[in-house]
There are 2 protein chains.
Amino acid sequence: MSDPLKVAVAGLGTVGAATVRLLQEQADLIALRCGRPVVVTAVSARSRDKDRGVDLSALTWYDDPVVMARDADADVVCELIGGSEGAAKEVVETAIARGCHVVTANKALLSNHGPALAAAAEAKGVVLAYEAAVAGGIPVIKTLREGLAGNHIKSVCGILNGTCNYILTVMRATGRDFADVLADAQALGYAEADPTFDVEGIDAAHKLSILASLAFGTKVDLSKVHIEGIRHISAVDIQFAEELGYRIKLLGIARQTDHGIEQRVHPCMVPVTAPVATVDDVFNAVVIEGDFVGRSVAVGRGAGAGPTASAVAADVLDIAAGRASAFTFGVPAGQLAELSDWSMEQHVGEYYIRLMVRDEPGVFADIADALRKAEVSMEAILQRGRAPAEVVPVVMTLHETRESSLRKALENIAALPAVVEPPRVIRIESL
Amino acid sequence: MSDPLKVAVAGLGTVGAATVRLLQEQADLIALRCGRPVVVTAVSARSRDKDRGVDLSALTWYDDPVVMARDADADVVCELIGGSEGAAKEVVETAIARGCHVVTANKALLSNHGPALAAAAEAKGVVLAYEAAVAGGIPVIKTLREGLAGNHIKSVCGILNGTCNYILTVMRATGRDFADVLADAQALGYAEADPTFDVEGIDAAHKLSILASLAFGTKVDLSKVHIEGIRHISAVDIQFAEELGYRIKLLGIARQTDHGIEQRVHPCMVPVTAPVATVDDVFNAVVIEGDFVGRSVAVGRGAGAGPTASAVAADVLDIAAGRASAFTFGVPAGQLAELSDWSMEQHVGEYYIRLMVRDEPGVFADIADALRKAEVSMEAILQRGRAPAEVVPVVMTLHETRESSLRKALENIAALPAVVEPPRVIRIESL
């Protein structure tokens with residue numbers, strides 16, 4: 001049996017502590033599977049005294065994770081601090097610079113600095129691994145980079161944020177409104193005190209940009225992702241979705257199109273029969289289409305200590321076993337292509353539109369006219385109940401429409417005197 | 001860029017031809033992803049002249065695949081002939097003996113000779129890879145061996161045979177009977193002329209035995225798998241399943257139990273809300289439970305030229321990139337544990353029972369009595385319509401019951417004069 005692989009862990013929050021626990025508890029299993037032991041040698045966190053349910057007594061403690069990354073007796077540094085700048089970034093850069101392998105769960109870091117970090121790691125001949133950055137319970141990084149490497153990938157889509165999926169699931173189950181459910185999710189620890197990254201779709205966009213890079217051999221570029229969150233989803237939309245045979249999910253979608261690679265994160269209506277429609281609560285789902293493999297779907301927990309530690313461990317074990325991929329994003333960093341420009345305006349798809357209109361004669365005709373002028377064709381229009389002179393929801397579904405045409409039509413519709421709120425748009429996706 | 005990896009392909013059926021096509025068509029992509037080219041140098045098949053839609057003119061042709069395995073200018077031999085004995089086995093043994101890596105799609109071979117072949121490959125320091133042997137469209141071998149390697153696996157279950165799943169899907173959709181649908185499936189090429197391996201559950205058992213070895217670090221041992229096929233599933237059972245809120249699926253289930261590792265392949269009733277319930281047609285599904293990751297589910301095409309070639313290519317690319325696993329079944333072959341004995345009689349679960357009984361007074365009392373004597377407790381009993389003195393189906397569901405008790409009860413029930421056919425048993429699984 002070869003020498004042990006030595007691991008230093010930066011950050012001992014729930015994920016860091018679970019990672020240390022996993023590597024300690026499963027030490028025998030890991031040594032058997034890797035052909036060598038894996039030992040945690042050093043840790044770094046803010047507070048030394050906090051009880052984390054793991055025995056740290058035999059490990060070298062560092063108050064400063066960057067000092068640990070520079071000095072610790074380690075072959076691998078696990079960066080589990082989080083955040084795209086500051087300590088997390090410094091830890092990763094420092095470890096790479098001294099020739100240490102890096103395992104990270106940090107999607108924000110990779111989404112913002114992926115290409116540069118990949119180039120640095122590859123220049124140093126070290127591994128930069130990040131299975132835990134996207135859907136911890138699904139080995140999707142490995143699947144894209146290795147399992148489906150013989151395929152041209154056509155698209156990768158999925159439910160990438162567990163917090164949003166949990167909120168949407170509870171909204172549907174209870175009929176309650178977004179703000180209300182969010183507050184509960186925060187109380188339960190399913191949503192952060194500042195939920196912006198989750199509910200605005202930014203976390204999902206980080207993850208999507210990483211998956212797109214792996215799928216298409218392009219540079220991670222967060223600025224090329226169209227991002228909308230779930231704040232404007234209301235109970236009434238969820239109810240209409242139900243009636244129309246859809247579920248509302250926040251999806252990330254990256255796809256080869258005639259106009260280049262589109263990357264978009266926004267709420268979608270998906271048919272109840274779609275593979276992601278019944279993926280509820282904090283579960284994530286990823287749907288990959290390859291030219292030879294066809295469609296491959298995976299579902300697992302998106303976050304949480306256990307699944308994330310499992311993903312971190314997978315990367316550490318790959319390094320221990322000598323089978324980690326040399327190319328961070330699946331191809332040499334120097335050969336990652338620039339993403340061409342792509343705009344959401346070019347998107348063609350089906351749409352759900354909800355208007356709040358004063359129920360008065362001629363409104364439908366005015367709406368239909370605005371659509372016709374923008375050459376947008378309606379599939380169905382739906383108004384539940386009549387309430388003359390009161391404000392009622394009117395719902396339309398549109399056939400395949402170019403987003404730019406839709407926006408023109410909606411401008412005209414929003415300007416109608418009887419339309420009293422900005423129109424709500426949810427794109428329909430039949431994946 | 002390093003030297004090309006040279007590949008010899010034995011067997012040019014639909015999978016072999018698709019593999020050659022994939023490696024040729026995606027050559028640029030593959031070279032980029034592996035850091036070196038992958039080239040097919042030699043092929044072997046029965047007929048040299050058959051049009052397979054791929055250009056073989058530049059390749060060395062061998063009439064005898066074993067001679068190719070011995071002599072070809074190759075680093076990797078892909079065995080795509082099939083069958084647990086004969087040429088396929090000889091090709092693999094010959095390639096390993098001369099120090100060539102082997103990639104195979106052959107589940108029968110691995111199920112019957114896996115431990116010996118793994119020991120031979122590891123002794124020679126070559127890779128024996130077989131992603132294509134189980135659920136080609138799902139990278140489940142890689143997921144178990146690498147992606148979830150930090151976990152103690154509790155269970156691995158799934159829909160592992162596309163032919164059976166297709167037949168059950170059509171039976172449900174059309175209400176037609178097994179023999180009828182099988183004949184159609186044969187005409188369509190979804191089932192073999194001799195469908196025994198598929199419909200008797202043997203193919204699924206081959207795959208399950210391989211997954212169990214990877215999951216639990218035990219020697220592949222087909223003799224330890226309890227196997228039942230789908231021949232006895234009738235349209236009436238599918239109809240009752242529907243009424244009771246279940247779908248009938250042929251599942252393979254391997255699980256750590258108090259009595260050792262159970263491995264069983266048989267038709268199951270699964271709740272319509274289970275993740276595998278809506279996996280239809282030729283799709284496969286795999287559900288893995290690990291101690292840290294929780295539940296991870298994957299769905300993809302089970303067979304067919306494209307998905308299988310994609311899986312073969314993944315293994316070849318791992319070898320080209322120098323990241324293939326050294327241990328065939330996840331741990332050193334010499335350390336694979338023997339499977340302890342386990343018997344289906346020890347299984348505890350819920351059951352669906354269908355009896356064909358003459359509708360006469362006292363029958364229900366006799367049945368209930370036979371159950372009570374075997375200490376089996378009934379959850380529900382169901383008889384649709386009355387037809388005095390005629391034969392009608394009576395359906396029962398049973399609470400958690402030990403299989404040995406159930407069998408005793410069924411013996412007594414089968415002996416009742418009013419029970420005119422052998423009882424039909426379908427196990428209920430709530431995975």
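Residues numbered from 1 in each chain as written. Chains lettered and ligands numbered in written order. Predicted model: local features only at pLDDT ≥ 70, side-chain atom pairs only at ≥ 80, totals over all residues. Heavy atoms only, no water.

1. Overview of the sheet that holds strand S2 (residues 38-44) of chain A
Residue and element names in this part refer to chain A. Across the sheet, which stays open at both edges, the 6 strands sit in the order S3-S2-S1-S4-S5-S6 with parallel pairing between neighbours. Two strands lie at the open edges of the sheet, namely strand S3 (60-62) and strand S6 (128-129), each paired on one side alone. Where strand S5 (residues 101-104) and S6 come together, 2 bridges link them in parallel fashion. Across the sheet, residue Val102 finds its bridge partner in S6, namely Leu128. (Pairing = 2+ DSSP bridges. Helix = DSSP H or I, 4+ residues; strand = E, 2+ residues; numbered from the N terminus.)

2. Observations concerning the pattern of salt bridges
The full count for this structure, using the stated rule, is 65 salt bridges over all chains. Here Arg255(A) and Glu262(A) are joined by a salt bridge, their closest N and O atoms 4.0 Å apart. With a relative accessible area of 24%, Arg255(A) lands in the partly exposed category. Here Glu146(B) ties to Lys142(B) by a salt bridge, and the two come within 3.2 Å at their closest N and O atoms. (Salt bridge = Lys/Arg side-chain N within 4 Å of Asp/Glu carboxyl O. Buried < 20%, exposed > 50% of the residue type's maximum accessible area, 1.4 Å probe, protein only.)

3. Concerning the pairing of strand S9 (residues 246-257) of chain A
All names here are of chain A. Among the 12 residues in S9, 9 count as buried, and that is most of the element. Alignment of strand S7 (residues 153-159) against S9, held across 4 bridges, turns out to be antiparallel. Following the sheet pairing, Cys157 is matched in S9 by Ile253. Bridge analysis of S9 against strand S10 (residues 260-271) gives 12 bridges, and the strand direction is antiparallel. Residue pairing for S10: Leu251 is matched across the bridge by His266. Counting the residues between successive antiparallel strands, the hairpin from S9 to S10 contains 2 residues.

4. Side note on the domain arrangement of chain A
Size of an interface: often given as the accessible area lost when the parts come together. Residues and elements named next belong to chain A. What the domain assignment reports for chain A is domain 1 (5-133), domain 2 (140-301) and domain 3 (345-428). If you look at the interface, domain 1 gives 9 residues, while domain 2 gives 13 residues. In total, about 940 Å² of surface goes out of reach between domain 1 and domain 2, with carbon and sulfur atoms giving 62% of it. Our enumeration of links across domain 1 and domain 2 arrives at 1 salt bridge. At the boundary of domain 1 with domain 2, the tally comes to 4 residue pairs in polar contact (both at pLDDT 80 or more). Taken together, the residues of the side of domain 1 that touches domain 2 break down into 5 nonpolar, 2 polar and 2 charged. (Domains from an automatic or database assignment. Contact = heavy atoms within 4.5 Å. Buried area = accessible area lost by both parts, 1.4 Å probe. Polar contact = N/O pair within 3.5 Å; in protein donor to acceptor, adjacent residues only side chain to side chain. Nonpolar A, V, L, I, M, F, W, Y, C, P; charged D, E, K, R; others polar.)

5. Considerations on the interface of chain B and chain A
Every contact between the two is made by 54 residues of chain B and, on the other side, 54 residues of chain A. Between chain B and chain A, a total of about 4,000 Å² is buried, with carbon and sulfur atoms accounting for 55% of that surface. Taken as a group, Arg33(B), Phe292(B) and Arg323(B) account for 21% of the area that chain B buries against chain A, more than any other trio of residues on that side. Counting across the interface, chain B meets chain A through 22 residue pairs in polar contact (both at pLDDT 80 or more). Listed by contribution, the elements that provide at least two residues to the side of chain B that touches chain A are helix H1 (14-25), helix H2 (27-34), helix H6 (140-147), helix H10 (202-216), strand S12 (294-301) and helix H12 (305-320) of chain B. Examining the composition of the side of chain B that touches chain A, we find that 8 residues originate from one element, H12(B), more than from any other. When the residues that make up the side of chain B that touches chain A are grouped by side-chain class, the tally is 26 nonpolar, 17 polar and 11 charged. Strand direction decides the pairing type here: strand S12 (residues 294-301) of chain A and S12(B), joined by 5 bridges, are antiparallel. Across the sheet, Ser296(A) pairs through a bridge with Gly300(B), a residue of S12(B).

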